[in-house]
Amino acid sequence: MAEIGRLLTAMVTPFDEKGEVDFEQAKKLAHALLDSGSDGVVLSGTTGESPTLTSDEKMRLFSEVKQSVGDKGVVIAGTGTYSTAESIELSQEAEKQGVDGLLLVVPYYNKPTQEGLYRHFSLVADAVQRPVILYNVPGRTGVDLIPETVVRLASHDNIVAIKEATGDLERVEPLRDGCGMEFQLLSGDDGTSSEFMLSGGNGCVSVTANVAPVAMRSLCDAARSGDRDQATSADRKLRALH
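Below you will find a few notes about this structure. Remember, predicted model here, so these are calculated numbers, not experimental data.

What follows covers the overall build of the chain. Looking only at helices and strands, the chain features ten helices and eight strands. Since a compact globule built from 242 residues should have a radius of gyration of about 18 Å, the 17 Å found for the chain is in line with a globular shape. Along the first, second and third principal axes, the C-alpha set of the chain runs to 45 × 40 × 30 Å. When each of the 242 residues of the chain is scored for burial, the buried share is 52%. As presented, the chain carries roughly 10700 Å² of accessible surface, and 46% of it is formed by carbon and sulfur atoms. Across the chain, the centroid of the 23 positively charged side chains sits 2 Å from that of the 36 negatively charged ones.

Given below as structure tokens:
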């Protein structure tokens, strides 16, 4: 997966009136998002209810959505947990379902050290063949994956990108300089994604795109092409929604 894409949507997981995962609606939603400008979807991220889905529900979701969309767009599976062993198991199982990549969140609640984070992500990446996207969201996890650790991890052949959700735009330059041009920087914060891409980021993983996919695609295209005026105009219309 040389190019993940400019716009990945952190897709919601539809449920029916009984509280069960609605797999048919999930497939329809994935197609609708891909038809509306998303290059791919992230399944079972935080927006997709990862803390509340069972492992079986996750695997079925990965399998059915990927089989349904085929090569229409990339399908990224959220398989990171606060347990290294569990993250490896989920990642290996997701790989069997045919997903295109894996999103691994920083282990939450137990606040590992930077060395612990390095070892955690390295062990998971060692255990799978699919490309790995790191996911840093300290506001949710309680610990920050600092740029220096990301640079160390970027040397792993199987770790290809980071979803950076701090909203700290000062990180873009050191991440780009330290990780190199091949490593992909994805904003995980809709409110700052435009400036993130204008500053050298490759794209974004967007929640807003669930309900405004066309507008988010326009924002991404403008920002990636360096058109600040157009990107700012597109972002201004979305700020309240962000």
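Picking up after the structure, the text goes on.
Although it is not a glycine, Ser 44 sits at a positive phi angle of roughly 60°. In this structure Ser 44 comes out as buried when scored by relative accessible area, which is 2%. Within the chain, Glu 49 stands out as a residue other than glycine whose phi angle is a positive 70°. Judged by relative accessible area, Glu 49 falls into the partly exposed class, the value being 32%.

Ranked by internal contacts, the top residues of the largest apolar core, which has 44 residues, are Leu 43, Val 65, Phe 121, Leu 134, Leu 145, Val 150 and Phe 183. Residue contacts for Phe 183: discarding those within four places in its chain leaves Val 150, Ala 154, Ile 159, Val 160, Ala 161, Ile 162, Arg 176 and Asn 202. Judged by nonpolar contacts, the second largest core, of 16 residues, contains Val 42, Val 105, Tyr 135 and Val 205.

Structurally, Thr 79 can be placed in the loop between β3 (74-78) and α3 (84-96). In this structure Thr 79 touches Phe 62, Ser 87, Leu 90, Ser 91, Ala 94, Leu 102, Leu 103 and Leu 104, once residues within four positions along its chain are discounted.

This part takes up the packing of aromatic side chains. As enumerated under the stated definition, the model contains one aromatic pair in all. Geometry around Tyr 118 places Arg 152 over its ring, the cationic atom sitting 3.7 Å from the centre.

Moving on, we come to the environment of Ala 30. Take Ala 30: it is sitting in helix α1 (residues 23-35). Spatially, the C-alpha atoms of Ala 30 and Val 211 are 12 Å apart, while their sequence positions differ by 181 residues. Not counting chain neighbours up to four residues away, the residues in contact with Ala 30 comprise Met 11, Val 65 and Val 69.

Now for the sheet that holds strand β2 (residues 40-43). An order of β1-β2-β3-β4-β5-β6-β7-β8 is seen for the eight strands of this closed barrel, with the pairing classed as parallel. Between one strand and the next, the sheet's axes are offset by a mean angle of 25°, whatever the strand orientation.

Moving on, we get to the layout of surface pockets. When its volume is computed, the largest pocket comes out at roughly 380 Å³. Along its surface, the largest pocket is lined by 23 residues, and Ser 50, Pro 51, Gly 80, Val 105 and Tyr 108 are the ones closest to its centre. At the level of secondary structure, the elements contributing two or more residues to the lining of the largest pocket comprise α2 (55-69), α3, β4 (101-105) and α5 (138-141). Looking at the lining of the largest pocket, its residues break down into nine nonpolar, eleven polar and three charged. Taken as a whole, the second largest pocket spans an internal volume of roughly 180 Å³. For the second largest pocket, the lining is made up of 14 residues, of which Tyr 135, Val 137, Arg 140, Ala 165 and Gly 188 are closest to its centre. Elements represented by at least two residues in the lining of the second largest pocket include exactly α5 and β8 (203-206). Of the residues belonging to the lining of the second largest pocket, the class tally is five nonpolar, five polar and four charged.

Rules used throughout
- Residues numbered from 1 in each chain as written.
- Predicted model: local features only at pLDDT ≥ 70, side-chain atom pairs only at ≥ 80, totals over all residues.
- Heavy atoms only, no water.
- Helix = DSSP H or I, 4+ residues; strand = E, 2+ residues; numbered from the N terminus.
- Rg over C-alpha atoms; globule rule 2.2 N^0.38 Å.
- Buried < 20%, exposed > 50% of the residue type's maximum accessible area, 1.4 Å probe, protein only.
- Areas by Shrake-Rupley, 256 points an atom, 1.4 Å probe, with all protein chains shown as cover.
- Lys, Arg positive; Asp, Glu negative; His and termini not counted.
- Charge placed at Lys NZ, Arg CZ, Asp CG, Glu CD.
- Core = buried A, V, L, I, M, F, W, Y, C linked by side-chain atoms within 4.5 Å.
- Contact = heavy atoms within 4.5 Å.
- Phe/Tyr/Trp six-rings, centres within 6.5 Å; stacked < 30°, edge-to-face > 60°.
- Lys NZ or Arg CZ within 6 Å of the ring centre and 35° of its normal.
- Pairing = 2+ DSSP bridges.
- Axes fitted to C-alpha atoms, helices over the stretch in contact; angles between N-to-C directions.
- 1 Å grid on protein atoms, 1.4 Å probe; cavity = no way out; pocket = protein on both sides within 12 Å on 5 of 7 lines; lining within 4 Å.
- Points joined across faces, edges and corners; volume = space filled by probe spheres on them.
- Nonpolar A, V, L, I, M, F, W, Y, C, P; charged D, E, K, R; others polar.

Bear in mind that shape data such as this cannot, by itself, settle questions of function.
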